[in-house]
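# Chain and residue survey
Okay, here's what each chain looks like letter by letter:
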Amino acid sequence: MSGRYDRAVPRIAPSILSADFACLAESVAAVAPEADLLHVDVMDGHFVPNLTIGPPVIKSLRARTDLYFDCHLMVDNPGDFLDDFADAGANGCSVHVELPDVVPLFGELRRLGLDVGLAVNPETPFEECLPHLPRIDLLLLMTVHPGFGGQSFIADVMDKVKRAREEIDKRELKIALEVDGGINEETAAVAAAAGADVFVAGSAIFHDDDPLAAARRIRQAVA
Ligand code: DX5
Ligand code: ZN
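Notes on the structure follow. Residue positions are given per chain, counting from 1 as you read along its sequence in written order. Chain letters start at A and ligand numbers start at 1, both assigned in the order the entries are written. Side-chain atom pairs in this predicted model are given and counted only at pLDDT of 80 or more, local residue features only at pLDDT of at least 70, and totals for whole chains, interfaces and linings cover all residues. Think of the side-chain values as coming from all heavy atoms in the structure, minus any hydrogens and water.

Between two packed helices, both the angle of their axes relative to each other and the distance between the axes serve to describe the pair. Packing of helix α5 (residues 158–170) against helix α6 (residues 185–194) leaves a shortest axis separation of 8 Å and a crossing angle of 35 degrees. Within the contact between the two elements, α5 uses M158, V161, K162 and R165 and α6 uses V190, A191 and A194. Just so you know the grouping, Ala, Val, Leu, Ile, Met, Phe, Trp, Tyr, Cys and Pro go in nonpolar, Asp, Glu, Lys and Arg go in charged, and all remaining residues, Gly too, go in polar. A per-class count over the contact of α5 with α6 returns five nonpolar, no polar and two charged. Lines are fitted to the C-alpha atoms to define the axes, a helix being fitted only along its stretch in contact, and any angle between axes, read from their N-to-C directions, falls within 0 to 180 degrees. Strands are runs of DSSP state E lasting at least 2 residues, helices are runs of H or I lasting at least 4, and numbering of each runs from the N terminus. Any two residues whose heavy atoms approach within 4.5 Å at even a single point are treated as in contact.

Here we come to the side chain of S94. Position of S94 relative to the elements: it lies in strand β4 (residues 92–96). If sequence neighbours within four positions are ignored, S94 has contacts with D70, C71, H72, L73, G117, L118, A119, L138 and L140.

Here the focus is α5. In a regular helix each residue adds 1.5 Å, so 13 residues correspond to 18 Å; α5 covers 18 Å between its end C-alpha atoms and thus fits that length. Listed in full, the buried residues belonging to α5 are M158, K160, V161, A164, R165, E167 and I168. Those residues of α5 that are buried lie in contact with β5 (115–120), β6 (138–142), β7 (176–180) and α6. Following α5 by one or two positions, E172 has its phi on the positive side, about 50 degrees. Expected span of a helix: the number of residues minus one, times 1.5 Å. Throughout, exposure labels follow a simple rule: accessible area from a 1.4 Å probe, protein chains only, divided by the maximum for the residue type, with under 20% read as buried, over 50% as exposed, and the rest as partly exposed.

Surrounding the zinc ion (ligand 2) are the protein donor atoms H39 (NE2), D41 (OD), H72 (ND1) and D180 (OD), which sit 2.1 to 2.2 Å from the metal. Water is not part of the atom set, so a site may look incomplete; the donors themselves are N, O and S atoms within 2.8 Å of the metal, or 3.2 Å for Na, K and Ca. The geometry test gives tetrahedral to four donors whose angles all lie between 85 and 135 degrees, gives square planar to four donors and octahedral to six donors whose opposite members are over 155 degrees apart with all other angles between 65 and 115, and gives irregular to the rest. In this structure, the zinc ion (ligand 2) is surrounded by six donor atoms whose angles at the metal cover 70 to 170 degrees, and the resulting shape is octahedral.

Right, let's talk about the pattern of salt bridges for a bit. Salt-bridge detection follows one rule: a side-chain nitrogen of Lys or Arg within 4 Å of a carboxyl oxygen of Asp or Glu. Scanning all chains against the criterion turns up 14 salt bridges. Close ionic contact of E34 with R216 constitutes a salt bridge, the shortest N to O distance being 3.2 Å. Highlighted residues: E34 in the loop between α1 (24–31) and β2 (37–43) and R216 in helix α8 (residues 211–222), separated in sequence by 182 residues. E34 sits in the buried class, given a relative accessible area of 12%. Across the salt bridge formed by E185 and R217, the nearest N and O atoms sit 3.0 Å from each other. Of this pair, E185 sits in helix α6 while R217 sits in helix α8, and the two are 32 residues apart along the sequence. On the basis of relative accessible area, R217 is assigned to the partly exposed category, the value being 31%.

Attention now moves to the packing of aromatic side chains. Here a pair means two rings of Phe, Tyr or Trp (six-membered ring of Trp) with centres within 6.5 Å. Their orientation is stacked below 30 degrees between planes, edge-to-face above 60, and tilted elsewhere. According to the stated counting rule, one finds zero aromatic pairs in the structure shown. Stacked on the ring of F69, the Lys or Arg R62 has its end atom at 3.8 Å from the ring centre. Charge over a ring is defined by NZ of Lys or CZ of Arg lying within 6 Å of the ring centre and within 35 degrees of the ring normal.

The cutoff for a nearby residue is simple: one of its non-hydrogen atoms must lie within 4 Å of the molecule or strand. In the vicinity of ligand 1 there are 20 residues, among which S15, D41, G147, D180 and S203 approach most closely. Counting of polar contacts relies on pairs of N or O atoms within 3.5 Å, with two restrictions inside protein: one atom must be capable of donating a hydrogen and the other of accepting it, and residues adjacent in sequence are counted only when both atoms are side-chain atoms. A distance of 3.2 Å separates an oxygen atom of ligand 1 from a polar atom in the side chain of H72. S203 is positioned such that a nitrogen or oxygen atom in its side chain is 2.5 Å from an oxygen atom of ligand 1. Put simply, the parts of the chain that give the shell around ligand 1 at least two residues each are β2, β3 (68–74) and β8 (198–201). The element that contributes the greatest number of residues to the shell around ligand 1 is β2, accounting for three residues. Looking at the shell around ligand 1, its residues break down into eight nonpolar, 10 polar and two charged.

This paragraph deals with the pairing of β6. With five of its five residues buried, β6 lies for the most part within the structure. The side-chain alternation of β6 yields two buried faces, one formed by L138, L140 and M142 and the other by L139 and L141. At least two bridges found by DSSP between two strands is the condition for calling them paired. Bridge count between β5 and β6: four bridges; the pairing is parallel. Residue pairing for β6: V120 is matched across the bridge by L141. As paired strands, β6 and β7 are joined by five bridges and run parallel to one another. The partner of M142 across the bridge, within β7, is D180.

Next up, the structure:
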């Protein structure tokens, strides 16, 4: 993605949350030919009721792959860590619109040369992110409640995806429109029809016997 975004091609973002952390580099290498971005879920046990990984893991992975790191920060205080994400080799970070004040975080991300993402929980109205659209590179619409992989796709979020697509196109904004949660071949096609163009998938890819083929099938489903 690196800066401004060209919507011509749908993008696949495997989520390492569902990979085997004991052999993470190998798992990433296995899907790399079908991965446009690598989705990295960072959870702090406060913003969401789960703990995952942070900058040290990103730094180790950065030494093993050139993939774009799309970091999804499900943390209460992302501003305390943005420098660390930049140093570790992140390319873009998404912060949640549900936090008290995201605007200063956008400035900090720009200063660090990171792409600016805004993540939105399923129950959060589209109006909450509307004023921020001109400032961001990626809008991440959650299609499950954040915190865990392997949940079911919430189809109701498609109304928000459609509204976001209309707004992005009407205003000719260069924003990637990402869906995250419960994405597989079937739901990716539904989200693509609603206007999404980046598809995060964790369990549908990494829990498949052939993760590369699973990622390819999702790509074919949204082509
Ligand atoms: C959930 C995470 C997702 C998760 C998706 O909070 O933001 O990125 O990895 O996992 P699946 O694809 O299994 O729903
Ligand atoms: Zn995520």
